[in-house]
Every structure is written in structure tokens, then in C-alpha cells.
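Here are the chains, one letter per residue:
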Amino acid sequence: MSYLLFIVEPVGQRAQRTPEEGREAYAQMVDYAEGLKSRGLLARAESLKSESEAVRLRVRDGERSLVDGPYAEAKEMIGGFFLLTCETREEALALAAQCPAARWATVEVRELGPCFL
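Predicted, not measured: the structure shown is a model, and the values here were computed from it.

A.B. asks: Before we move on, can you summarise the overall build of the chain with the specific residues and values?
C.D. replies: Scanning the chain for helices and strands turns up three helices and six strands. Ordered by position from the N terminus, the helices and strands of the chain form the series β-α-α-β-β-β-β-α-β. For the chain, the spread of C-alpha atoms along the principal axes amounts to about 45 × 45 × 20 Å. Looking at the chain as a whole, 28% of its 117 residues are labelled buried. Charged side chains in the chain number 15 positive and 19 negative. The centres of these two groups are separated by 2 Å.

A.B. asks: An account of the side chain of glutamate 51 is needed here, citing residue identities and associated values.
C.D. replies: Relative to the helices and strands, glutamate 51 is located in the loop between strand S2 (42–47) and strand S3 (55–60). As a buried residue without a salt bridge, glutamate 51 has its nearest oppositely charged side chain in arginine 14, at a separation of 6.9 Å. Looking at glutamate 51, its side chain comes within polar contact range of the side chain of serine 50, at 3.2 Å. Not counting the four nearest positions on each side in its chain, glutamate 51 is found in contact with Val11, Gly69, Pro70, Tyr71 and Met77.

A.B. asks: Quick one: what's the story with helix H2 (residues 19–38), residue by residue and with numbers?
C.D. replies: Its 20 residues give H2 an end-to-end C-alpha distance of 28 Å, which sits within 8% of 28 Å, the value for a rise of 1.5 Å per residue. For H2, every residue scored as buried is listed here: Ala25, Met29, Tyr32, Ala33 and Leu36. The arc that holds the buried residues of H2, viewed along the axis, is 95°, so those residues lie on one side. More than 90 degrees from the buried face of H2, the exposed residues found are Pro19, Glu20, Arg23, Asp31, Lys37 and Ser38. On its buried side, H2 packs onto strand S1 (2–10), S2, strand S5 (76–85) and helix H3 (89–98). Of the residues one or two after H2, glycine 40 is the one with positive phi, at around 75°.

A.B. asks: Let's hear about the state of the cysteines: which residues, and what values?
C.D. replies: Applying the stated criterion across every chain yields a total of zero disulfides. Looking at cysteine 99, it has no disulfide partner, and the nearest cysteine sulfur is the one in cysteine 86, 13 Å off.

A.B. asks: Residues and numbers for the environment of alanine 102, please.
C.D. replies: Within the fold, alanine 102 resides in the loop between H3 and strand S6 (106–111). Of the residues examined, alanine 102 reaches a relative accessible area of 38% and is grouped as partly exposed. Ignoring any residue separated from it by four or fewer positions in sequence, one finds alanine 102 in contact with Ala96 and Val107.

A.B. asks: Before we move on, could you go through the sheet that holds S1 and cite the residues and values that matter?
C.D. replies: Spatial ordering of the open sheet is given by S2-S5-S1-S6, a layout of four strands whose pairing is antiparallel. Both edges of this open sheet fall to S2 and S6, since each of them pairs with a single strand only. For this sheet, the mean angle separating the axes of adjacent strands, direction not counted, is 20°. In this structure, S1 lies alongside S5, joined through nine bridges in antiparallel fashion. Among the inter-strand pairings, tyrosine 3 is bridged to a residue of S5, identified as leucine 84.

About the criteria used
Residues numbered from 1 in each chain as written. Predicted model: local features only at pLDDT ≥ 70, side-chain atom pairs only at ≥ 80, totals over all residues. Heavy atoms only, no water. Helix = DSSP H or I, 4+ residues; strand = E, 2+ residues; numbered from the N terminus. Buried < 20%, exposed > 50% of the residue type's maximum accessible area, 1.4 Å probe, protein only. Lys, Arg positive; Asp, Glu negative; His and termini not counted. Charge placed at Lys NZ, Arg CZ, Asp CG, Glu CD. Salt bridge = Lys/Arg side-chain N within 4 Å of Asp/Glu carboxyl O. Polar contact = N/O pair within 3.5 Å; in protein donor to acceptor, adjacent residues only side chain to side chain. Contact = heavy atoms within 4.5 Å. Expected span 1.5 Å × (residues − 1). Arc of directions from axis to C-beta. Disulfide = S-S within 2.5 Å. Pairing = 2+ DSSP bridges. Axes fitted to C-alpha atoms, helices over the stretch in contact; angles between N-to-C directions.

Written out as C-alpha cells, the structure reads:
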């Protein structure tokens, strides 16, 4: 089964870190990803740039609208993800608990599957 670990960060948290703290947090995440990869559990991992560089798109009644970030109503942002191949939900949760970001963000665990179920 495939599980996606979303790293859900408080908006503005990255800007509060010193450059050294930011590099250290990133290095911890890279080490975590390398460990998952070496065990054959990691399909893909990526970090995402800040919400200030994002854009939201929606189409209503055939009309497209765009809203550039940052978003005043947002309290959290998706900072990155890990796509894992696990045997069980419990294994995915155990791996999420080992993620360094769980100490400064929330790790949301979601199994991949059809959206109509």
C-alpha cells in the first residue's frame, strides 16, 4: 500500500529560523529520506517552497480565477511530502513518528486510493 506523509507547517515558521537552523532542519529531513530509501520504503520525497510563491486556481461556471499567495486565512501550509510503500497503516504511522518534522510541524498520514470511497 502507498501512503503519503504531508508535512504541515505553521505559516511563517521557516522565516523565524536562522539560516543555520534552516539548514540543520533540512539536513535532518534529507537523512530521514535517505534512511527510508535505503530500506526500500521511499517512492518519492520533495520539499515545497513557501506559500508566498504559491498560486491557487479554481474554475467556477467556466471562469478561471487565480489567487497568489500568501493567503491571509491560511494558518498552515504543506511544506513537503514523502510517498511511502508500506505494508500497513500502522507501519506508515510508525514511520511518520520517526520523521524529524513531527517535532516542529504536523505529519498527516494518508493512504492513496480513489477519492469516491
